[in-house]
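# Chain and residue survey
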Amino acid sequence: MTEQELYDYIHEHLTYHEDGFLIWKKRPAGTTKIKIGQIAGSYRKFTNSNSDIRSVIRHKGRTYLVHRLIFLYHHKYLPELIDHIDNNLANNRIENLRPATKSQNGMNSKIDKRNKSGIKGLSVRTIKQKGKNGIIREHQYLRASIAFQSNTAIVLGEESFYPTISITKNFKMSERDDAIHWIQEKREQIHGEYARHK
């Protein structure tokens with residue numbers, strides 16, 4: 001099914017509700033279980049995370065994510081990825097959906113659960129230094145880092161890819177506020193509207 005055929009199908013059979021749902025307005029051919037006025041789709045867990053439960057619709061043996069169908073319903077095209085602005089995968093209101101690349105989608109991700117600093121993009125590093133007396137001492141510092149995808153492709157033979165670039169800066173443990181300010185400022189500059197600090 002082409003993108004245009006899918007667009008025509010959802011406009012013929014479904015209508016959008018302002019709370020972020022698709023509702024059946026016409027029963028698909030050969031289907032008896034679907035009721036007119038019923039919310040379309042079912043929920044499927046995509047990963048082990050309980051937050052990654054998404055609404056899907058099956059059609060002709062294929063599974064479609066409802067938020068992608070809602071975007072197509074309104075904009076008549078499907079981008080590479082669709083980003084949930086508030087990071088809530090259950091909020092499929094059209095005003096909460098925006099086109100995104102894989103890189104932009106990652107920019108809007110929440111802080112990693114493994115992060116021990118409590119600040120997105122900030123980590124505590126430990127190095128061991130051996131003194132003249134032979135005693136090994138540990139020294140801790142803060143590393144602020146931000147990553148983004150380059151706009152310039154690297155071409156290798158017939159293949160090309162856009163490398164991920166990482167900018168880092170080290171701070172003393174006593175300079176935590178400065179580190180937070182630096183990384184949030186850089187994130188706003190580089191990630192723009194996709195920047196998420198928490």
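Residues numbered from 1 in each chain as written. Predicted model: local features only at pLDDT ≥ 70, side-chain atom pairs only at ≥ 80, totals over all residues. Heavy atoms only, no water.

## Some details on the pattern of salt bridges
Worth spelling out the cut-off: We count a salt bridge whenever a side-chain nitrogen from Lys or Arg sits within 4 Å of a carboxyl oxygen from Asp or Glu. Numbering goes from the N terminus for both helices and strands, where a helix is a DSSP run of H or I of at least four residues and a strand is a run of E of at least two. Under the scheme applied here, a residue whose accessible area is under 20% of the maximum for its type counts as buried, over 50% as exposed, and between as partly exposed, the area being computed with a 1.4 Å probe on protein chains only.
Scanning the model with the defined rule gives five salt bridges in all. Note that R93 and D19 form a salt bridge whose closest N and O atoms lie 3.6 Å from each other. Of this pair, R93 sits in the loop between β6 (81–84) and β7 (97–100) while D19 sits in the loop between β1 (14–17) and β2 (21–24), placing them 74 residues apart in sequence. A relative accessible area of 31% places R93 in the partly exposed class. Relative accessible area serves as the criterion here: at 34%, D19 is assigned to the partly exposed category. Where E193 meets R98, a salt bridge forms, and the shortest distance between an N and an O atom there is 3.5 Å. One end of the pair, E193, is in the segment after α4 (176–191); the other, R98, is in strand β7, and 95 residues separate them in sequence. Take E193: its relative accessible area is 60%, and that puts it in the exposed class. Each of D83, R98 and E193 takes part in one network of salt bridges that share partners.

## Quick word on the environment of E5
Among the structural elements, E5 can be located in helix α1 (residues 3–13). Judged by its relative accessible area of 43%, E5 is partly exposed.

## Quick notes on the sheet that holds strand β9 (residues 136–149)
Applied cut-off: Whether two strands pair depends on DSSP finding at least two bridges between them. All axes are obtained by fitting lines to C-alpha atoms, using only the stretch in contact for helices, and the reported angles, taken between N-to-C directions, cover 0 to 180 degrees. Whether two residues touch is decided by their heavy atoms; if any such pair falls within 4.5 Å, the residues are in contact.
Pairing in this open sheet of three strands is antiparallel, and the strands run β8-β9-β12 from one edge to the other. The open sheet terminates on both sides in strands that have one partner only, identified here as β8 (122–130) and β12 (164–171). For this sheet the average axis-to-axis angle between neighbouring strands, irrespective of direction, equals 35°. Here β9 pairs with β12 via eight bridges, running antiparallel. Opposite Q149, over in β12, you have T164 as the bridge partner. Relative to the sheet, α4 contacts β8, β9 and β12, its axis offset from that of β9 by approximately 15°.

## Some details on the nonpolar core
Operational definition: Definition used in this section: a nonpolar core is a set of buried Ala, Val, Leu, Ile, Met, Phe, Trp, Tyr and Cys residues joined via side-chain atoms within 4.5 Å.
Ranked by internal contacts, the top residues of the largest apolar core, which has 21 residues, are I10, L14, L22, I57, L69 and I70. At the level of elements, α1, β1, β2 and α2 (66–75) are the ones that each hand at least two residues to this core. Per element, the largest residue contribution to this core is six residues, and it comes from α2. Counting nine residues, the second largest nonpolar core, distinct from the first, contains I119, L122, A179 and I180.

## Side note on a nonpolar patch on the surface
For the record, the criterion: Patch membership requires over 30% relative accessible area and the absence of a salt bridge. Like charges are linked within 9 Å, and nonpolar side chains (Val, Leu, Ile, Met, Phe, Trp, Tyr) within 5 Å. Only the protein chains shown count as cover for residues, and all accessible areas are computed by the Shrake-Rupley method using a 1.4 Å probe.
On the surface, a cluster of nonpolar side chains totalling about 280 Å² of accessible area is made up of I154, L156 and F161. With respect to the element layout, I154 can be found in strand β10 (residues 154–156).

## What to know about the packing of aromatic side chains
The description of an aromatic ring pair uses the distance of the two centres, along with the angle that the planes make with each other. Stated precisely, the cut-off is as follows: Side-chain rings of Phe, Tyr and Trp (the six-membered ring for Trp) are treated as a pair once their centres are within 6.5 Å; stacked means planes under 30 degrees apart, edge-to-face means over 60, and tilted covers the remaining angles.
One pass over the full model with this rule turns up two aromatic pairs. Relative to Y77, the ring of F71 lies with its centre 5.4 Å away and its plane at 80°, an arrangement referred to as edge-to-face.

## Examining unusual backbone geometry
Residues other than glycine seldom take positive phi values, yet K60 does so here, at roughly 50°. Looking at the secondary structure, you find K60 in the loop between β4 (53–59) and β5 (62–65). Non-glycine residue K76 carries a positive phi angle of around 65°. K76 gets classed as partly exposed once you look at its relative accessible area, which sits at 48%.

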